[in-house]
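Each chain, letter by letter, is given below.
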Amino acid sequence: MYLGLDSSTQSLKGLIIDPTGGHIVGQATVNFDHDLPQYPAAYSPAGDPLEKHANPLLWLAALDLLFSRLQAAGAPLERIVGIAGAGQQHGSVYLNGRASTLLASLDPALDLAGQLAPALSRQSAPIWMDSSTSAQCAEITAEIGARLQTDTGSPAIERFTGPQIRKFFQHDPAAYAATATIHLVSSFMASVLTGAQAPIDHGDGAGMNLLNLNTLCWDPAICEATAPGLLDKLPPAVPTHTVIGKLAPYFAKYGFGGDVAIAAWTGDNPASLVGTGATRPGLAVVSLGTSDTFFAVLDPYRTDPDGCGHVFGNPTGGFMCLTCFKNGSLARERIREDAQVDWTFFDVTAFELTPPGNHGQLALPWFEPEITPPVFTPPGLRANFDFAAATPQTQIRAIIEAQVLSIRVHSQWIGDFETIRVTGGASRSTGILQTLANVFQATVETIAVQDSAALGAAMLAAHVIGHHDYPCLTKALAPATATILPDPATRPIYQRLLATYLLLETGAKS
Ligand code: XUL
């Protein structure tokens, strides 16, 4: 059996799979706010709301708690032969020169947080929600130029690790100098499991603005432009398919056996690519959550001319792209509440009462600063018709078609797709699913996977350690639950509406 872990912003999840039977045989979750409120999961250390940090001891306390919960629930921990994991991307953990010794000598009589606290050279970890590094992004870009995007897969991005490291170096040079190793959340967690400094995988490493994706090595000039001596502080970069060590003896107290292999951890999005069964070209995933995300395999390597899409490593080899749309479900919820309709009306009825294309009427719900396209000051609702005077069904179709057209526009640089797999809460909406099928003229599939990052990590472990093949793992653990075909008659309607959408987006950005 194989264990997949997902260390995300709000929780640590563990999911155990039996790859032969094709079942999930155990799972547990630690919810940070609820279970460990003493350690903040996303706070602003100096009161600047653009800064968002976490206390890294949180992730250690969560690991102890998760394993004791799995043990108490009778999960078959003694039968686990391999573990892999996924971490929230971009967040960084700073360790001093004592860390390697402390990691190698964990005492099972004590807990992880207490023993590893002295290993930290920085008490907090900037996480992906931090957008406070615009100045550092500009400085790195001025030094490196356009090569930064074409070689690292993304232009300088506020939440990415390199700009965050530069800010730390500028604001606290002494603590930076006392830092021996800088980890991502993923490689930090892997280090704790193995009791030794773990490498960073290409999947998550690509979210740092430091890894050269043409050479798959840390880029010396970009590292030096980010912070002096940085190259020496980075763990090695390795393919995701790497066995990095054995589970440290510390964890035997939870009932693990003596010979558990650990595979390299990756980022939550690369792990989700595996967990949604989307590791082959021609298939894309749209995850409709608080934010909407679009991800797919990218082959061959190239970058988004608009700079909105990011390129990460595909854990199974090659590359993937990811685009985040900040105004997802929260925006949909707000429109539904304002229209005073229930979810059945929002998800189904509104689409039965209105025609595809909505007579050219579109509305962008940018209530929060948008990531794709980048809009820092949210303009609120922007429509090309009198939104307030329209019926709820027209309003709803206008919003959903604009959101789906935005996903289409900002994924066009990748190409066309035969199949789109849809996950997340809003994938219950038949209206949204049919709109996706029609706008993309692709088959839409729903999948029942709830925790795609944790499942993807478990599948990675089964593949890397147990040599199970991905198509079989996907068939058993992430099968399609429904298929929606595109209506070919809507192709010209959405081709025209795409041009209308672009005009609306341009107006809303300015
Ligand atoms: C991706 C990103 C988020 C985090 C969430 O670039 O910032 O999706 O990975 O954990």
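Small disclaimer: the values here were computed from a predicted structure and weren't measured.

A few words on the overall build of the protein. Within the protein, the regular secondary structure consists of 19 helices and 24 strands. Projecting the C-alpha coordinates of the protein onto the three principal axes gives extents of approximately 65 × 55 × 40 Å. A buried classification covers 62% of the 510 residues belonging to the protein. Considering only contacts within the protein whose residues lie at least 6 apart along the sequence, 74% involve residues at least 24 apart. Put simply, the protein shows about 18400 Å² of open surface, and 55% of that area lies on carbon and sulfur atoms. The average position of the 28 basic charges and that of the 44 acidic charges among the side chains of the protein differ by 2 Å.

Our next topic: the packing of helix H2 (residues 56–72) against helix H9 (residues 185–194). If you want to describe how two helices pack, look at the angle between their axes and the distance between the axes. Closest axis-to-axis distance for the H2/H9 pair is 11 Å, and the angle between their directions is 50°. Accordingly, the angle class assigned to the pair H2 and H9 is oblique. In this structure, H2 crosses over H9, and the sense of that crossing is right-handed. Of the residues in H9, those in contact with Pro56, Trp59, Leu60, Leu63 and Phe67 of H2 are Val185, Phe188, Met189, Val192 and Leu193. Class assignment of the residues belonging to the contact of H2 with H9 gives a composition of ten nonpolar, no polar and no charged.

Before going further, it helps to examine the domain arrangement of the protein. When the domains of the protein are assigned, the result is domain 1 (2–270) and domain 2 (277–448 + 479–510). Put simply, the middle of domain 1 and the middle of domain 2, counted by C-alpha atoms, are 31 Å apart. Opposite the 23 residues of domain 1 that make contact, domain 2 presents 15 residues. Note on domain 1 versus domain 2: buried area summed over both sides is about 1500 Å², and carbon and sulfur give 58% of it. Looking only at domain 1, the three residues that lose the most surface to domain 2 are Arg159, Leu213 and Asn269, adding up to 29% of its buried area. Across the domain 1-domain 2 interface, the total number found is eight residue pairs in polar contact (both at pLDDT 80 or more). Here the side of domain 1 that touches domain 2 takes four residues from helix H6 (residues 147–152), the largest share from any one element. A per-class count over the side of domain 1 that touches domain 2 returns seven nonpolar, 14 polar and two charged.

This part takes up the pattern of salt bridges. Under the counting rule described, the total for this entry stands at 14 salt bridges. A salt bridge links Asp451 to Lys13; the shortest N-O distance between them is 3.0 Å. Placement of the pair is Asp451 in the loop between strand S23 (443–447) and helix H17 (452–466) and Lys13 in strand S2 (residues 11–18), with a sequence separation of 438 residues. Residue Lys13 is classed as partly exposed on the basis of its relative accessible area of 22%. Overlapping salt bridges bring together Arg147, Asp151 and Asp219 as one network.

Procedures and definitions
Residue positions within a chain follow its written sequence, with the count starting from 1. It should be noted that, the model being predicted, local features are given only for residues of pLDDT at least 70 and side-chain atom pairs only at 80 or more, the latter also being counted only at that level, while totals for whole chains, interfaces and linings use all residues. With hydrogens and water set aside, each side-chain value is computed from the structure's full complement of heavy atoms. Secondary structure elements follow DSSP: runs of H or I of four or more residues count as helices, runs of E of two or more count as strands, with numbering from the N terminus. Remark: exposure states derive from per-residue accessible area (1.4 Å probe, protein chains only) relative to the maximum for the residue type, with buried under 20%, exposed over 50%, and partly exposed in between. Residue contacts are defined here by distance: any two heavy atoms, one from each residue, within 4.5 Å place the two residues in contact. Only the protein chains shown count as cover for residues, and all accessible areas are computed by the Shrake-Rupley method using a 1.4 Å probe. For this count, His and the chain ends are skipped, Lys and Arg are scored as positive, and Asp and Glu as negative. Charge placement uses NZ in Lys and CZ in Arg. For Asp and Glu, CG and CD serve respectively. Inter-axis angles, ranging from 0 to 180 degrees, are taken between N-to-C directions of lines fitted to C-alpha atoms, where helices are fitted over the stretch in contact. Roughly parallel means an angle under 35 degrees; roughly antiparallel, over 145; roughly perpendicular, 65 to 115; everything else is oblique. Here a crossing is called left-handed whenever its near helix is offset anticlockwise from the far helix by less than a right angle, and right-handed whenever the offset is clockwise. Only Asp, Glu, Lys and Arg are considered charged, only Ala, Val, Leu, Ile, Met, Phe, Trp, Tyr, Cys and Pro nonpolar, and every remaining residue, Gly among them, polar. Domain start and stop positions are those given by an automatic or database domain assignment. We define buried area as the total accessible area lost by two parts upon association, computed with a 1.4 Å probe and summed across both. Here a polar contact is taken to be a pair of N or O atoms separated by no more than 3.5 Å, where protein atoms must pair a possible hydrogen donor with a possible acceptor and residues adjacent in sequence count only if both atoms sit in side chains. For this document, the term salt bridge refers to a Lys or Arg side-chain nitrogen within 4 Å of an Asp or Glu carboxyl oxygen.

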